[in-house]
Structure formats: structure tokens, C-alpha cells
Amino acid sequence: MSVNNYKPHLLVLPEDEANRQLANGFLQDFSLNLRCIQVLPIAGGWGKVLDSFEDFHVTGLKKYPLRHLVLLIDFDDRVEDRTAHFRASFPADMNERIYLLGTRGEPEPLRKDCGCSLEKIGEHLANACATGEPGLWQHELLQHNHAELTRLVANVKPFLFK
């Protein structure tokens, strides 16, 4: 389902198939307003997420001021470096509507630790956002997202969750 570009909405750009599964699981939360969120096609690597952001999504964010964008990547154990690299590309006037989230390494170890599918993990993460509980976001492979997640939830919860 496509979002209404003229109402508050959230786009999610996943790096790869594993991140797409996490995002699709997020969509399974019953309290989510599905008219306000859209998972985009896989970019094909963290570098391609950045390229897509710079080549396409900056224009969309300028054109649609109610748009928010999650860039969902694997940090490959380089959280500080990747964050700095991405942040350098974020236009200052749109910075509050762009969010960089992902697993510290890759999603597969998270799946193994949790003993469930990536989609089920995504559903648990959405539920934590909806209820305000830290939940699975406290996992060692996700806890580095705390500040970004806090900002995201504060900005999108009013329109994203029923």
C-alpha cells in the first residue's frame, strides 16, 4: 500500500533482505496505522542505501515536508563510523525527519539469539515502540539505536500508531 504523501508518513529503506524482513515484521503490529508507513524495495547494501538517499530521497523529503525516512542498515560493527558517514549527508533542514537504525553487526545473530524469525523480531520491536517499553530494543545488538529510536518514536508515534 502506498502512503499519502500529503499527510504525515514514514518510509523505510532497508539495506538487504534481512532488514526487509525486520521491517515487514514491524508492519504486523496490530496498533500500526498501515496507511502511514511503507517499506521500500531493498537497496542492495549500506552504500546503496546512502546513494539512494542522496540521489532520490533528499528530493522527496524536500517535496513532502510531512515525510519521515528510516534508513535501515547493518552497521557491520562500525556504528560510529557509519553513523558519521551517513550524518554528513543529511541536510540540516531535514535532519529531524531522517533516522538511521540497524543491528550492530548483521541481523542473523539477532535472530539466533532471539530464537525466532526476523519478522517476529520486527513485530516485537514495533510493539515496544507502540507501548513505550524498551523490549527487544535493549538487546546488545540493538541498544546503540536508543537515541535515534527515542527521537523517531517522539516524532512519528502520533500518526503511526492507532
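Preceding this section is the structure that the text describes.
Predicted, not measured: the structure shown is a model, and the values here were computed from it. (Residues numbered from 1 in each chain as written. Predicted model: local features only at pLDDT ≥ 70, side-chain atom pairs only at ≥ 80, totals over all residues. Heavy atoms only, no water.)

> Would you mind showing me how to read the side chain of N145 here?
Mapped onto the fold, N145 is located in the loop between α5 (118–131) and α6 (146–160). For N145, a relative accessible area of 2% puts it in the buried group. Filtering out sequence-adjacent residues up to four positions away, N145 remains in contact with F75, L100, L101, G102 and W137. (Helix = DSSP H or I, 4+ residues; strand = E, 2+ residues; numbered from the N terminus. Buried < 20%, exposed > 50% of the residue type's maximum accessible area, 1.4 Å probe, protein only. Contact = heavy atoms within 4.5 Å.)

> I tried to follow helix α2 (residues 46–63) on my own but got confused; where do I start?
Each α-helix winds once per 3.6 residues, and so residues spaced three or four apart point in a common direction. Relative to the 26 Å expected for 18 residues at 1.5 Å per residue, α2 spans 24 Å between its end C-alpha atoms, a close match to the ideal helical length. By the burial criterion, the buried members of α2 are V49, L50, F53, H57, V58, G60 and L61. Lining the buried residues of α2 we find β1 (9–14), β3 (67–74), α3 (79–87) and β4 (98–103). (Expected span 1.5 Å × (residues − 1).)

> For this particular structure, what's the right way to read the state of the cysteines?
As used here, a disulfide is simply a covalent bond connecting the sulfur atoms of two cysteines. Counted according to the given criterion, the structure contains zero disulfides. For C129, which is in no disulfide, the shortest distance to another cysteine sulfur is to C114 and amounts to 15 Å. Look at C129 and you get buried, because its relative accessible area is 4%. (Disulfide = S-S within 2.5 Å.)

> Explain the sheet that holds β4 here, please?
The strands making up a sheet associate through backbone hydrogen bonding, with each pair oriented either parallel or antiparallel. Sheet architecture is open: four strands sit in the order β2-β1-β3-β4, paired in parallel fashion. Lying at the two open borders of the sheet, with one neighbouring strand each, are β2 (37–39) and β4. Going across the sheet, the axis of each strand differs from the next one's by a mean of 20 degrees, ignoring polarity. Of the pairings in the sheet, the one linking β1 to β2 comprises three bridges and is parallel in character. (Pairing = 2+ DSSP bridges. Axes fitted to C-alpha atoms, helices over the stretch in contact; angles between N-to-C directions.)

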